[in-house]
Amino acid sequence: MSPKKAEQCIMDLIDLFHKYTNPDDTIDKQGLLDMLKEYFPHFLKACDTLGKDYLSGVFEDNDRNKDKKIQFSEFLSVLGSIATDYHNHSHGAKLCSGDDDE
């Protein structure tokens, strides 16, 4: 049986995470920045247009245990904030205008 669309989305997120992980199953700062540049260029361009340097603090803001590594749950937080911004954009907000749910 084929996975449902939502299940496939989750597996794709896991694959994306693993594309950038180190042997300890975490992503370092450069890996996270590279992933964001490769997979979210429209989002980052929108941030730049609004004068926001999204990349400058994304690692530190999401490295909750301050171990200088992004674990899978922290990775999901990064994607969650971007997804929330896209959701707000679907309701008319400018892309990269911020997370109104925090």
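In what follows, the structure referred to is the one given above.
Below is a short write-up of the structure. Because the structure is predicted, anything quoted here is derived from the model rather than measured.

## Notes on helix α1 (residues 5–20)
In step 1: Helix length check: α1 (16 residues) gives 23 Å between terminal C-alpha atoms against 22 Å at 1.5 Å per residue, within 8%.
In step 2: Along α1, the residues that are buried comprise Leu 16, Phe 17 and Tyr 20. One side of α1 carries all its buried residues, which in axial view fall inside an arc of 100°.
In step 3: As for α1, its buried residues are in contact with α2 (29–39) and α5 (72–90).

## Quick word on the nonpolar core
In step 1: Of all hydrophobic cores here, the largest spans 23 residues; its most connected members are Ile 27, Leu 32, Met 35, Leu 36, Phe 40, Phe 43 and Phe 75.
In step 2: Going through the elements one at a time, α1, α2, α3 (41–49), α4 (54–62) and α5 are the ones with two or more residues in this core.
In step 3: Beyond its immediate chain neighbours, meaning those up to four positions away, Phe 43 contacts Tyr 54, Ile 82, Asp 85, Tyr 86, Leu 95 and Cys 96.

## What about the state of the cysteines?
In step 1: Within the structure shown, the criterion is met by one disulfide.
In step 2: Each sulfur in the disulfide pair Cys 47 and Cys 96 lies 1.9 Å from the other. Disulfide Cys 47 to Cys 96: torsion about the S-S bond roughly 100°, handedness right-handed. Taken together, the residues span a long stretch of sequence, with Cys 47 in helix α3 and Cys 96 in the segment after α5 at a distance of 49 residues.
In step 3: Classification of Cys 96 as buried rests on a relative accessible area of 4%.

## So, the pattern of salt bridges
In step 1: Per the counting criterion, the structure on display carries three salt bridges.
In step 2: The salt bridge partner of Lys 69 is Asp 24, with a shortest N-O separation of 3.0 Å. Of this pair, Lys 69 sits in the loop between α4 and α5 while Asp 24 sits in the loop between α1 and α2, and the two are 45 residues apart along the sequence.
In step 3: For Asp 24, a relative accessible area of 39% translates into the label partly exposed.
In step 4: Ionic pairing is found between Glu 60 and Lys 29, a salt bridge with its closest N-O pair at 2.8 Å. Residue Glu 60 is found in helix α4, and its partner Lys 29 is found in helix α2; the two are separated by 31 residues along the sequence.

Rules used throughout
Residue numbering note: each chain is counted from 1, following its sequence as written. In view of the model being predicted, local features appear only for residues whose pLDDT reaches at least 70, and side-chain atom pairs are presented and counted only at 80 or more, with totals across whole chains, interfaces and linings using the full set of residues. Derived side-chain values reflect all non-hydrogen atoms in the structure, with water molecules and hydrogen atoms excluded from consideration. Secondary structure elements follow DSSP: runs of H or I no shorter than four residues count as helices, runs of E no shorter than two count as strands, and numbering proceeds from the N terminus. Each residue after the first adds 1.5 Å to the expected span of a helix. Three exposure classes are used, based on accessible area relative to the maximum for each residue type with a 1.4 Å probe and protein chains only: buried under 20%, partly exposed in between, and exposed over 50%. The directions considered for the arc run from the helix axis to the C-beta atoms. Should any heavy atoms of two residues lie within 4.5 Å, those residues are counted as being in contact. By nonpolar core is meant a set of buried Ala, Val, Leu, Ile, Met, Phe, Trp, Tyr and Cys residues that side-chain atoms within 4.5 Å join together. Throughout, a disulfide means two cysteine sulfur atoms within 2.5 Å of one another. Salt bridge, as used here, is a side-chain nitrogen of Lys or Arg placed within 4 Å of a carboxyl oxygen of Asp or Glu.

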